[in-house]
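One letter stands for each residue in the lines below.
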Amino acid sequence: MSEASVPHAVDRRQLTAVQRNAVAELLRVSPVADELGRRFARAGHELHLVGGSVRDALLGRLGEDLDFCTDAHPDQTLKVLKGWAESIWETGRDFGTIGAQRGGLRLEITTFRAESYDQVSRNPVVAYGTNLTDDLKRRDFTVNAMAVSLPDHRFTDPYGGLDDLAAKVIRTPGTPRESFGDDPLRMLRAARFAAQLRFAVHPDVRVAMSRMAEDLDRITAERIRDEFTKLLCGADPITGLRLLVDTGLAERFLPELTGLKLEIDEHAQHKDVYEHTLTVVGNAVALEDDGPDFVLRMAALMHDVGKPATKAVGPDGRVSFHHHEVVGARLTKARMKAMRYPKDVTVQVTKLVGLHLRFYGYGRGEWTDSAVRRYVTDAGDLLPRLHKLTRSDCTTRNRRKAAQLASDYDALEERIARIAADEDLARVRPDLDGNAIMELLGVPPGPVVGQAWKHLKDVRLEKGPLDRDAAEAELLRWARAEGIVD
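I will try to describe carefully the structure that is included in this document. All of these numbers come straight from a predicted model, not from anything done at the bench.

Conventions adopted
- Residues numbered from 1 in each chain as written.
- Predicted model: local features only at pLDDT ≥ 70, side-chain atom pairs only at ≥ 80, totals over all residues.
- Heavy atoms only, no water.
- Pairing = 2+ DSSP bridges.
- Helix = DSSP H or I, 4+ residues; strand = E, 2+ residues; numbered from the N terminus.
- Buried < 20%, exposed > 50% of the residue type's maximum accessible area, 1.4 Å probe, protein only.
- Salt bridge = Lys/Arg side-chain N within 4 Å of Asp/Glu carboxyl O.
- Expected span 1.5 Å × (residues − 1).
- Axes fitted to C-alpha atoms, helices over the stretch in contact; angles between N-to-C directions.
- Parallel < 35°, antiparallel > 145°, perpendicular 65-115°, else oblique.
- Left-handed = near helix turned anticlockwise from the far one by under 90°.
- Contact = heavy atoms within 4.5 Å.
- Nonpolar A, V, L, I, M, F, W, Y, C, P; charged D, E, K, R; others polar.

**Topic: the sheet that holds strand 5 (residues 105-111)**
And then number 1: Taken in spatial order, the 7 strands make up an open sheet running 3-4-5-2-1-8-9, and their pairing is mixed. A single partner strand is all that each edge strand has here, and the edge strands are strand 3 (87-89) and strand 9 (155-156).
And then number 2: Pairing analysis gives 3 bridges linking strand 1 (residues 47-50) to strand 8 (residues 147-149), with the strands arranged antiparallel. Note that in strand 8 the partner of Leu49 across the bridge is Val148.

So, in structure tokens, the structure goes:
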């Protein structure tokens, strides 16, 4: 990247920093990238590092996946790669993309595109382009419309992406209306980049997102799901979520979030449940141990979606939302199913939403050891996340109350640890297994064994571990009461 390549509108100190980042990152991958560029050149073709790879190189965060574009068609690209790449895949061939691996890097090489979209399905209709500038124009945002040619490292930036990168602005190469008309998912992607990169969305782009929000209805649930997941797992999901709501995009695929803006919280201490929810999401992010946790963040986002349907105003004017966690869990399950999330992920998020209120009341001294065991057992593997969600949900501005809630939860965690030291709470099971039940009752495998197993588990949760004699006596007592044995 030469100094002559640098637009004058950008602060020189910022440019120097991004150029240093780019040089360092390109030097790291250049043994593979430059060698590939020379192979394409010898075959009479261009090769350019492009899009997100250039953006990330400038930001000093280039990963192991590199994107290239070329004037070579897929068959010609395959000829260049064969005998050089360690492995090759053609899953994207219909879209002009050939994948390869070399030196620990994953490479995707795509033929220049002059892409248009089917006006009904919005699926891309691939037409090969003839030059780099037109290929860059069809990309979503200017920060993704820069290229570095290989092996000579010539920098191409026809749409001011470097200016926007330095200014931290999300803008489209052409008009936003044209860009979003080609692919409405780009509106959601703008919010995703705002969350991931902490960039501001250009006012013109924001206006187009609001005016064209209904066009998102033409996008498949799977594509929306994938973009939304990336947004929620971004460095700043709150900014992205606000953008979705403010532009009307959330209403198209996650209306429960928008609906929260209408509800005042029961303590009248928050502007609305929507603001409380965003605070809870932020709190949950702050409690993460090892990178973004989608299940925790989604549970934080959805934990109060049952409130609009359960709102009631008492004689004293106080607002209540009784059993909103039950309704919220049902709504969460339905919404995540509609968004095509995997069943196991949906189950985890739904379970957390259903359990998020269980802790309240503990501080009043009403919990027995049995209640603690049930809390742990019902949460199962989700207990660490439930701890974080419950703590995140404490957003009261009353410092004394906040301190009391935190102290109460500290006490609960200490009590769990104390009981767990004596009992294996992570695997609470009856004191007799199925074989012992069948032998003692003289029954074959079947529903009776399951009923007996459940009863003994309930007893185990209520009383703690029983020795063998006590467990057998309890089983026989139950069986006589049920008329199973005399």
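**A few points about the environment of Pro203**
And then number 1: Residue placement: Pro203 occurs in helix 8 (residues 203-211).
And then number 2: Note on Pro203: relative accessible area 55%, which makes it exposed.
And then number 3: Residues Pro203 and Arg171, spaced 32 residues apart in sequence, show a C-alpha to C-alpha distance of 8.8 Å.

**Re the pattern of salt bridges**
And then number 1: Per the counting criterion, the structure on display carries 27 salt bridges.
And then number 2: A salt bridge links Glu35 to Arg102; the nearest nitrogen and oxygen atoms lie 3.5 Å apart. Remark: Arg102 occurs in strand 4 (residues 97-102) and Glu35 occurs in helix 1 (residues 12-42); sequence separation between them is 67 residues.
And then number 3: For Glu35, a relative accessible area of 27% puts it in the partly exposed group.
And then number 4: What emerges from the salt-bridge pattern is a single network uniting Asp140, Arg189, Arg192 and Glu227.

**Things to note about helix 19 (residues 383-392)**
And then number 1: Burial analysis of helix 19 places 7 of its 10 residues in the buried class, the great majority of the element.
And then number 2: Those residues of helix 19 that fall on the buried side of the exposure criterion are Leu383, Leu386, His387, Lys388, Leu389, Thr390 and Ser392.

**Quick word on helix 7 (residues 185-197)**
And then number 1: Its 13 residues place the ends of helix 7 18 Å apart at the C-alpha level, agreeing with the 18 Å of an ideal helix rising 1.5 Å per residue.
And then number 2: Taking burial as the measure, the 13 residues of helix 7 include 12 buried ones, the bulk of the element.
And then number 3: Buried within helix 7 we find Leu185, Arg186, Met187, Leu188, Arg189, Ala190, Ala191, Arg192, Phe193, Ala194, Ala195 and Leu197.
And then number 4: Backbone geometry just downstream of helix 7 places Arg198 in the positive-phi region, at approximately 60 degrees.

**Let's talk about the packing of helix 14 (residues 294-302) against helix 17 (residues 343-355)**
And then number 1: Orientation of helix 14 relative to helix 17, taken along the N-to-C sense of each, is 45 degrees, at an axis distance of 9 Å. Classed by the angle they form, the pair helix 14 and helix 17 counts as oblique. Note that helix 14 runs across helix 17; the crossing there is right-handed. Each of Phe294, Val295, Met298, Ala299 and Met302 in helix 14 lies in contact with helix 17, whose residues at this interface are Val345, Gln348, Val349, Leu352 and Val353.
And then number 2: In terms of residue class, the contact of helix 14 with helix 17 is made up of 9 nonpolar, 1 polar and no charged.

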